[in-house]
Amino acid sequence: MKISGTGSVLPKKVVTNDMLAEFLDTSDEWIYPRTGVKSRHVISDEKLEDMAIEAAKKALDDAGMTASELDFIICSNVVNEYITPQLSCIIQGGIGATCPCLDINCACAGFIYALDIAESHYKAGRVKNVLIVCAEEPTRMTDWSDRRTCVLFGDGAGAVVLTPGDNIKGISLSSASATDKLYQIRTLQPTPYITKEEVDIPLQMKGQDVFKFAVKASSSDITKVLKENGITADDVDHVLLHQANIRIINAIRDYLEQPAEKFPTNIEDHGNSSSSCCPILLDECRRKGIFKKGDKVVMSAFGAGFVSGAALFEW
Ligand code: ACO
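In this text the structure is predicted, and so the values were computed from the model without any measurement.

1. Let's talk about the nonpolar core
Argument step 1. Judged by nonpolar contacts, the single largest core of 40 residues is most densely connected at Ile222, Leu226 and Ile252.
Argument step 2. Going through the elements one at a time, helix 6 (207-228), strand 11 (238-241), helix 7 (246-256), strand 12 (296-303) and strand 13 (307-314) are the ones with two or more residues in this core.
Argument step 3. The dominant element in this core, judged by the number of residues it contributes, is helix 6, at 8 residues.
Argument step 4. For this core, the domains that each give at least three residues are domain 1 (2-165) and domain 2 (171-314).
Argument step 5. With near-sequence residues (within four places) excluded, Ile222 lies in contact with Val239, Leu241, Ile252, Leu256, Val298, Ser300 and Ala310.

2. A short note on the sheet that holds strand 7 (residues 156-163)
Argument step 1. A sheet is described by the order of its strands in space; here 5 strands give the open sequence 1-7-6-4-5, paired in mixed fashion. The open sheet has two edge strands with one neighbour each: strand 1 (2-9) and strand 5 (101-104). Here the average twist between neighbouring strands, direction ignored, is 15°.
Argument step 2. By the bridge criterion, 7 bridges tie strand 1 to strand 7 in an arrangement that is antiparallel. Across the sheet, the residue bridging to Lys2 is Thr163, located in strand 7.
Argument step 3. Of the strands in this sheet, strand 4 (72-76), strand 5, strand 6 (130-136) and strand 7 touch helix 5 (residues 110-123), which is tilted by about 160° from strand 4.
Argument step 4. Docked against the sheet, helix 9 (residues 277-287) engages strand 1, strand 6 and strand 7, running at close to 105° with respect to strand 1.

3. Remarks on the side chain of Asp295
Argument step 1. Locating Asp295 in the fold gives a position in the loop between helix 9 and strand 12.
Argument step 2. Buried charge without a salt bridge: Asp295, with Lys292 as the nearest opposite-charge side chain at an N-O distance of 6.1 Å.
Argument step 3. Within the structure, the side chain of Asp295 is placed 2.9 Å from the backbone nitrogen of Lys292, a separation counted as a polar contact.
Argument step 4. Contacts of Asp295, omitting those with residues within four sequence positions, involve Asp237, His238, Ile290, Phe313, Glu314 and Trp315.

4. Focus on the packing of helix 6 against helix 7
Argument step 1. The N-to-C vectors of helix 6 and helix 7 enclose an angle of 40°; their axes lie 9 Å apart at closest approach. Overall, the two elements helix 6 and helix 7 adopt an arrangement that is oblique. Where helix 6 crosses over helix 7, the two elements pack in a sense that is right-handed. Residues Phe211, Ala214, Val215, Ser218, Ser219, Ile222 and Thr223 of helix 6 form the contact with helix 7, whose own contacting residues are Arg247, Ile248, Ala251, Ile252, Tyr255 and Leu256.
Argument step 2. Looking at the contact of helix 6 with helix 7, its residues break down into 9 nonpolar, 3 polar and 1 charged.

Parameters and conventions
Residues numbered from 1 in each chain as written. Predicted model: local features only at pLDDT ≥ 70, side-chain atom pairs only at ≥ 80, totals over all residues. Heavy atoms only, no water. Core = buried A, V, L, I, M, F, W, Y, C linked by side-chain atoms within 4.5 Å. Buried < 20%, exposed > 50% of the residue type's maximum accessible area, 1.4 Å probe, protein only. Helix = DSSP H or I, 4+ residues; strand = E, 2+ residues; numbered from the N terminus. Domains from an automatic or database assignment. Contact = heavy atoms within 4.5 Å. Pairing = 2+ DSSP bridges. Axes fitted to C-alpha atoms, helices over the stretch in contact; angles between N-to-C directions. Lys, Arg positive; Asp, Glu negative; His and termini not counted. Salt bridge = Lys/Arg side-chain N within 4 Å of Asp/Glu carboxyl O. Polar contact = N/O pair within 3.5 Å; in protein donor to acceptor, adjacent residues only side chain to side chain. Parallel < 35°, antiparallel > 145°, perpendicular 65-115°, else oblique. Left-handed = near helix turned anticlockwise from the far one by under 90°. Nonpolar A, V, L, I, M, F, W, Y, C, P; charged D, E, K, R; others polar.

Okay, here's the thing in structure tokens:
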């Protein structure tokens, strides 16, 4: 397939590190050097589904397509206000599409997994035009009195329209179960029969374990997808990484031995918006005119599970 349109939406409320320091025992001096985050966009009165619909409409506009031309909608989302129906069906109604819809929860790696599903359906001859929307509100998952987690995240939605083409050159996925490193647990509705103990726990993270996994998994996924295509990191023009932490990005950059100019980032004023990071960064780079025809772009993301993946495409 090929990427024919992109779109993204951020919540209007901007929260700086100094604003966090007003109610948390933290500071810009601690947060910025360790994470690369100065400010983030946080949902206030917006609904995530409205942001997802708007991002989808922007991507369709950009592709010069109407919703009726879509054959499949894939939405990557970890959590939103609806348990059911799935967010992709809400987006379908919002944009006026009629095609089948699918939600996936692959944490921060969701965009790469969605690309893989789209590409597989395309190669099987089942679809021509696919809309991927990543819509995430991780700021609703963390405990806002926990300085170790809430400072890292921001919210947002990013969308991509894929059409027939040969620009996606390869995708590599991997998973390694480590469910105690990064998780959130919620209680379900009570019944008269539940006897087990259930707990409601906001997002928990073993930061240093996540850091090590992220660097190792992403470096290995990228190396694999490049090798499968007979090229090296030197042949790649742009590396778009999940925006979790600037130090993770720098560690992967060191591993690949590539210059900083190849690694566009937006973590400084966006924070980590889970699976939305990749399509939002892609949209921003595209609108800034960073990609030239024929450029080789590698994208890689990693997240809770653990799951990770990398995709190589030619612009
Ligand atoms: N402000 C001030 N102090 C803080 C803060 C904060 N926001 N957060 C933690 N601290 C303190 C801790 O309480 C601890 O103090 P103590 O020694 O008195 O107990 C001290 O700083 C060190 O804490 P660590 O957790 O060991 O700090 P570390 O150096 O590991 O940095 C960080 C934490 C930035 C989260 C790092 O582990 C990291 O980047 N991990 C990667 C995880 C990540 O990026 N996750 C993103 C979400 S998941 C994803 O997208 C896949």
